[in-house]
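Coordinate analysis (summary)
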Amino acid sequence: MRFPLKFQVGLYAAIVSAIALAIMPTIIRPFIYHQQLSELDSELKLNAEDIFEDLIARSAKGIDARRPLTRDFIPQYLKLRFIRIWNSDGSEIYRSSNWKDFEPRNLPPGLKTVVILGRNCRVATLEKDNFWISIGTKLGTIEGMQTDLNFAFTVALPIVSVLVLAGAIWVARRALRPIADMTAAAERISVKHPKERLPVPDTSDEIERLSRVLNASFDRLEMAYSASERFSSAASHQLKTPLTILRAGLSELRGCDYLQPAERETVESLLQQTRRLTTMCEDLLLLAQADAGHLDIRPEALDIVPALRSAVDDMEVLGINQNIKIQHDFPPTLVVTADPRRIAIVLQNLGENAVKYNRRDGSIRISIREEKERAIISIASTGPCIVPEDAERIFERFNRGATGENLKGHGLGLSIARELARAHGGDLRLARSDENWTEFELVLPLVPPLT
Amino acid sequence: MRILVVEDEEKIAILISRALQKAGHSVETRSDGALALSAIMGNHFDLVILDVNLPVMDGFAVLQKLREARNHTRVLLLTARDSVSDRVSGLRSGADDYLTKPFAMEELMARIDVIGRRAPSPNQGDIIDVGDLRMDIRKHRVTRAGALVDLSPREFELLQIFMQEPGRTFTREEICERIWEREHEYDTRTVEIFIMRLRKKLSDGRDETLIETIRGVGYVLHRVPGH
């Protein structure tokens, strides 16, 4: 399942910050521990120095160095420290009362962590002027700090993650807002609104660059599009003049009295070819207009049944040589929303196909039904089946599928019929094609009920 | 009639002029809108055949200027089919008639005859009578001497074309274009078959033809049956 980008960004940010928070104490804790320990060590050394000074002062007064010291000798601020003092022959001259449960032996000089009364303690041992001092203190504060740190991070983890999640979603939404605007604008850009462009934010960031690049692409697309549209439209307009001249000239020729019947026949067939060319030109122009999105459709409330009866009439005559039987089943009347001239073209094209791709002694069935505010006109004919691979290809321009290569017609009929049907808000589709029947369905909107 | 042909495509102008001259009209030609306008303002023409697509000033502009100057010379517009807008088809442009390019020369001549009142204008009412034929366009009913003739939609349309202009000869291609608006995939034999069917239904067993075949040209509906 995919989440919107802003949630993904939020989620990833939250996960990353949670991992960072989890890793951080393992880096910070030893660092702080060692920092505090070295501070403690230098403090212990300074404490020892103070005591050394007192001891040296005591010796200067001539007091025997082996004489045990009293508790009063220890400065007030050091009374809580673990302290043990001995002289160079190894005999102890002082031991603080809290120095218990720990082997009272002379420690070597240096710093050491030992266990006294079940607690971790730091002990510094120093030697000066034949006096030895071991001075120590509990590591409780430092260890408490470590525990506190752990606790702080553990508590912070979920809170920070949730905050980061919310914050990142907010930031992502803000950052993506131009993208949402761009998407909306891009959706508006279409054949109908080719001039529409993406908004270009004045932010000098990636979004601005993206909008500019995309807009440049849209410009090029529009140019290519209108160029091809102009080409088709101009080409068919340009062709009309020579066609008019051809037709006028040929019909003048046909009117000449001295023509032999054979010549007259040739002229007649040339005229007919010229008219076919005219139709083809008009078809190309129609497709160019459809591509450009300004196909001129003037829908009105139209009873489709007479148009269908006319189509049946045409098919009967067209199929007369192939002895094609036509069955039809129409209601007395059915009103659709359609442009009568355009729908006539659609029905003619479908009717011609139904005859052209039929077989000898074949049949055509034409019927109409209503379905969800739509009229569905079905034209089914016998004849070769359209293979599934061809089902969409037959609607392409100048394409008559594998079975129609050698037949008459210029291969625009179905694509024109489909364009016209879709321009009406309807559709033209191949409903079925098997060895028995090939059935096309023309869908047209019914006339909306009066409200 | 004195006719002015305004057409910037020289070859088309020549072909139209030749056909008009053959039909006994006197013809002048102009190749752009401005020249045409000054020619029409300065001379009397019975009819102007005016192409819409013209250099300098297009056909619509010429027409508008003419009508603004209260010049009511009759005008037949030549236009491309895809540009037949409401303006042209409703003849709100002030034209008397229009024809789409490319057109059949016979049709142009027939239209000119109608505009020049050489031929009576087409029967336009809801009920048309020709001889003993009566057509009710609204009710889609045809009777011959009072007896109902059952026609298919296309047969009806075909008969309507003939009955609106009895006595006029229609070529197969003109009939084809009137009924199907465009070149039919199949040849004009389709028209022949419809004519045959129509004749059969109208004749009612009698040995006569209301619709006569003019060899090499087309068909005509007579007011009085021929044999």
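Everything numeric in this text was worked out from a predicted model, so none of it was measured.

1. Overview of the overall build of chain A
When its secondary structure is counted, chain A shows seven helices and 12 strands. Counting the 451 residues in chain A, one finds 26% classified as buried. Sequence separation of at least 24 residues holds for 63% of the intrachain contacts in chain A that already meet a minimum separation of 6.

2. Details of the overall build of chain B
Of regular secondary structure, chain B possesses eight helices and 12 strands. Long-range pairs, those at least 24 residues apart, make up 52% of the contacts in chain B between residues at least 6 apart in sequence.

3. Section: unusual backbone geometry
Residues and elements named next belong to chain A. One non-glycine residue, Asp 129, adopts positive backbone phi at about 45 degrees. Along the chain, Asp 129 turns up in the loop between strand E4 (119-128) and strand E5 (131-138). Exposure remark for Asp 129: the 11 C-beta atoms within 10 Å place this residue in the exposed category. The phi angle at Glu 373 is positive, at roughly 60 degrees, despite the residue not being glycine. In this structure, Glu 373 sits in the loop between strand E9 (363-371) and strand E10 (374-381). Take Glu 373: there are 10 C-beta atoms within 10 Å of it, and that puts it in the exposed class.

4. Some words on the interface of chain A and chain B
Each partner contributes residues to the interface: chain A has 34 residues there, and chain B has 31 residues. Here the element with the most residues in the side of chain A that touches chain B is helix H3 (residues 206-254) of chain A; it accounts for 11 residues. Taken together, the residues that form the side of chain A that touches chain B break down as 10 nonpolar, 11 polar and 13 charged.

5. With respect to the sheet that holds E5 of chain A
Residue and element names in this part refer to chain A. Judged by pairing direction, the sheet is antiparallel, and its five strands sit side by side in the order E2-E1-E5-E4-E3 without closing on themselves. Both outer strands of the open sheet, strand E2 (92-95) and strand E3 (110-116), are each paired with one neighbouring strand and no more. The sheet shows a mean angle of 20 degrees between the axes of neighbouring strands, direction not considered. Two strands pair when backbone bridges link them, and strand E1 (residues 82-87) and E5 are joined in this way by six bridges, in the antiparallel orientation. Each residue of the ladder has a partner; that of Ile 83, found in E5, is Ile 135. Across the sheet, helix H1 (residues 5-60) lies against E3, E4 and E5, angled at about 45 degrees from E4, the strand it touches most.

6. As for the sheet that holds strand E5 (residues 97-101) of chain B
All names here are of chain B. Taken together, five strands build an open sheet; the order of strands is E2-E1-E3-E4-E5 and the sheet is parallel. Only two strands of the sheet have a single neighbouring strand rather than two, namely strand E2 (26-30) and E5. Along the sheet, successive strands turn relative to each other by an average axial angle of 20 degrees, direction set aside. Bridge count between strand E3 (residues 47-51) and strand E4 (residues 74-80): five bridges; the pairing is parallel. Considered in E4, the bridge of Ile 49 is made with Leu 76. Strands in contact with helix H3 (residues 59-68) are E3 and E4; relative to E3, the strand with the most contacts, it is inclined by about 145 degrees.

7. What to know about the environment of Arg 119 of chain A
All names here are of chain A. With respect to the secondary-structure elements, Arg 119 resides in strand E4. Take Arg 119: there are 12 C-beta atoms within 10 Å of it, and that puts it in the exposed class. As for Arg 119 and Leu 139, which are separated by 20 residues in sequence, their C-alpha atoms are 7.8 Å apart. Setting aside residues no more than four positions away along its own chain, Arg 119 makes contact with Lys 138 and Gly 140.

8. Structural notes on the nonpolar core
Ranked by internal contacts, the top residues of the largest apolar core, which has 66 residues, are Leu 308, Val 346, Leu 350, Ala 417 and Leu 442 of chain A together with Leu 159 and Met 163 of chain B. The element best represented in this core is helix H5 (residues 304-318) of chain A, accounting for eight residues. Sequence-distant contacts of Met 163 of chain B, that is, excluding residues within four places in its chain, are made with Asn 123, Ile 128, Val 130, Leu 133, Met 135 and Leu 221 of chain B. Leu 20, Leu 37, Ile 49 and Leu 63 of chain B belong to the second-largest nonpolar core, a separate cluster that totals 35 residues.

9. Quick notes on the packing of helix H6 (residues 340-356) of chain A against helix H7 (residues 413-423) of chain A
Residues and elements named next belong to chain A. At their nearest, the axes of H6 and H7 sit 9 Å apart, and the two run at 145 degrees to each other. Seen along the crossing, H6 lies across H7 with a hand that is left-handed. Across from Arg 342, Ile 345, Val 346, Asn 349, Leu 350, Glu 352 and Asn 353 in H6, the residues of H7 making contact are Gly 413, Leu 414, Ile 416, Ala 417, Leu 420 and Ala 421. Grouping the amino acids of the contact of H6 with H7 by side-chain chemistry returns eight nonpolar, three polar and two charged.

10. A few points about the packing of H3 of chain A against helix H4 (residues 261-292) of chain A
Residue and element names in this part refer to chain A. At a minimum axis separation of 9 Å, H3 and H4 run at an interaxial angle of 160 degrees. Taken together, the axes of H3 and H4 lie roughly antiparallel to each other. Viewed along their axes, H3 and H4 form a crossing whose handedness is left-handed. Its residues assigned to classes, the contact of H3 with H4 comprises 14 nonpolar, six polar and seven charged.

11. As for the environment of Leu 50 of chain B
Residues and elements named next belong to chain B. Relative to the helices and strands, Leu 50 resides in strand E3. Taking the C-alpha atoms as reference points, Leu 50 and Asp 8, separated by 42 residues in sequence, lie 10.0 Å from one another. If sequence neighbours within four positions are ignored, Leu 50 has contacts with Val 6, Gly 59, Val 62, Leu 63, Val 75, Leu 76, Leu 77 and Leu 78.

12. Concerning the pairing of strand E8 (residues 335-338) of chain A
All names here are of chain A. Burial of E8 is one-sided: the residues Val 336 and Ala 338 facing one way are buried, the residues Val 335 and Thr 337 facing the other way are not. Relative to E8, strand E6 (residues 300-303) runs antiparallel, the two being bridged by four bridges. Its bridge partner lying in E8, Glu 300 is registered against Ala 338.

Calculation notes
Residues numbered from 1 in each chain as written. Chains lettered and ligands numbered in written order. Predicted model: local features only at pLDDT ≥ 70, side-chain atom pairs only at ≥ 80, totals over all residues. Helix = DSSP H or I, 4+ residues; strand = E, 2+ residues; numbered from the N terminus. Buried ≥ 20, exposed ≤ 12 C-beta atoms within 10 Å, placed from the backbone. Contact = placed C-beta atoms within 7 Å. Nonpolar A, V, L, I, M, F, W, Y, C, P; charged D, E, K, R; others polar. Pairing = 2+ DSSP bridges. Axes fitted to C-alpha atoms, helices over the stretch in contact; angles between N-to-C directions. Core = buried A, V, L, I, M, F, W, Y, C linked by C-beta atoms within 7 Å. Left-handed = near helix turned anticlockwise from the far one by under 90°. Parallel < 35°, antiparallel > 145°, perpendicular 65-115°, else oblique.

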